Amino acid sequence: MAAIRRWSLLQILWSRSVVCNRLPNKGKNRFYLTCYDQNNRRAQLLYQPGVNRLLMRSLSVQTLDTPNPRSLKFLPGKPVLGTGTLDFPKESTAECSPLARDLFQVEGVKSVFFGPDFITVTKRDDDVEWADIKRNVIEVITKFFESGGPITTGEVHTESGPSEEDEDEVVSMIKELLDTRIRPTVQEDGGDVIFKGFEDGTVKLKLVGSCTGCPSSAVTLRNGIQNMLQFYIPEVDDVLQVEDEVDEVNERVFTELERKLQDS
């Protein structure tokens, strides 16, 4: 829950600027104020004339580093998806999310990932500084949550594995272990693991979010995920990281275009 503080009328006067809008269906004497302080921080306030105080609900977005130096985890302090995850590896995949579309407008953003209560943003390359991206991303997140708009609209495409119709006991055990022991830990680092299949003793997994392109993802896959699966499920011989074919093609095309632009 956002912090609640009391503001006096004098504090309002010290604000850099104030925007006032009447709250719909809330009576004639209730107003919604947006205030900016000297550091350009925004606050939402509920003001009732005749009352010598204001209740302010401010959104404080925290950031956390991830094992991937190109990814940063943003915590708005309120639910994002609530449950599950959504991956937006490029701007063209963000049609279902107004927030994701807004985040892609920030210069330097390569991909966006939503978790239950966090947002992971990955920048394009190491030459892009986090300082400007971080400030602009926080501004986008703050404005969006203050607007009260939905995170997603229309049809949402979620990552899924093979059909559960022919799922055997081993696959059920793999999925349960992933959901209860592995995915929560990976999500703590701003990523996720998607089960893509089990064949001839090999578990196929797709890494998304901050795990994509992470220098330590191979170590996590072998020393963490594979060891745990093999410990509990003897039928598991190997763990293989896979990518969707279309993602691999698009990544190769994008990399080639970048190289040609740099050479020109």
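Now for a description of the structure that goes with this document. (Residues numbered from 1 in each chain as written. Predicted model: local features only at pLDDT ≥ 70, side-chain atom pairs only at ≥ 80, totals over all residues. Heavy atoms only, no water.)

**Quick notes on the pairing of strand β12 (residues 202-209)**
- Of all eight residues in β12, seven are buried, a share of seventy percent or more.
- Hairpin remark: strand β11 (residues 191-199) followed by β12, antiparallel, with two residues in the connecting loop; positive phi at D200, about 50°.
- In this structure, β12 lies alongside strand β13 (residues 238-241), joined through four bridges in parallel fashion. Paired with L205 across the bridge in β13 is Q241. (Buried < 20%, exposed > 50% of the residue type's maximum accessible area, 1.4 Å probe, protein only. Helix = DSSP H or I, 4+ residues; strand = E, 2+ residues; numbered from the N terminus. Pairing = 2+ DSSP bridges.)

**Remarks on the pattern of salt bridges**
- Under the definition given, this model contains seven salt bridges.
- Among the ionic pairs, D126 bridges to R70, the shortest N-O distance being 3.1 Å. Linking D126 in the loop between β10 (119-123) and α3 (130-147) with R70 in the loop between β6 (62-65) and β7 (71-75), this pair joins segments that are 56 residues apart in sequence.
- Among the residues examined, R70 registers a relative accessible area of 30% and is labelled partly exposed.
- Of the charged contacts, one joins E139 and K143 as a salt bridge, the two residues approaching to 3.5 Å between their closest N and O atoms. Note that E139 and K143 are positioned in helix α3 at a spacing of four residues, about one turn of the helix.
- A network of salt bridges, in which partner residues are shared, links D179, R183 and D192. (Salt bridge = Lys/Arg side-chain N within 4 Å of Asp/Glu carboxyl O.)

**Let's talk about the sheet that holds β7**
- Ordered by their spatial adjacency, five strands build an open sheet running β6-β7-β10-β9-β8, and the pairing between neighbours is antiparallel. Edge positions in the sheet fall to β6 and β8 (86-88), since each has one partner strand and no second. Going across the sheet, the axis of each strand differs from the next one's by a mean of 20°, ignoring polarity.
- Bridge count for β7 against β10 is four bridges, and the pairing is antiparallel. Paired with S71 across the two strands is T122, which belongs to β10. (Axes fitted to C-alpha atoms, helices over the stretch in contact; angles between N-to-C directions.)

**Some points on helix α5 (residues 217-232)**
- Along its 16 residues, α5 runs 21 Å from first to last C-alpha, staying within 8% of the 22 Å computed at 1.5 Å per residue.
- Of all bends in α5, the biggest is about 30°, found at Q226.
- For α5, the complete set of buried residues consists of S217, L221, I225, Q226 and L229.
- On its buried face, α5 is in contact with α4 (169-188), β11, β12 and β13. (Expected span 1.5 Å × (residues − 1). Bend = angle between axes of the 7 residues up to and from the residue. Contact = heavy atoms within 4.5 Å.)

**Things to note about α3**
- Compared with an ideal rise of 1.5 Å per residue, which puts 18 residues at 26 Å, α3 spans 25 Å between its outermost C-alpha atoms and is within 8% of the ideal.
- For α3, the full list of buried residues reads W130, I133, V137, V140, I141, T142, F144, F145 and E146.
- Positioned one or two residues after α3, G148 has a phi angle of 75°, which is positive.

**A closer look at the packing of aromatic side chains**
- As enumerated under the stated definition, the model contains four aromatic pairs in all.
- When the centroid spacing of 5.2 Å and the interplanar angle of 70° are considered together, the rings of F88 and F114 count as edge-to-face. Pair noted here: F88 is in strand β8 and F114 is in strand β9 (residues 109-114), with a separation of 26 residues, a long-range link.
- Looking at F88, the relative accessible area reads 2%, which means it is buried.
- The interplanar angle of 85° and the centroid separation of 5.0 Å between the aromatic rings of F231 and Y232 together place this pair among those described as edge-to-face.
- Classification of Y232 by relative accessible area gives partly exposed; the value is 39%. (Phe/Tyr/Trp six-rings, centres within 6.5 Å; stacked < 30°, edge-to-face > 60°.)

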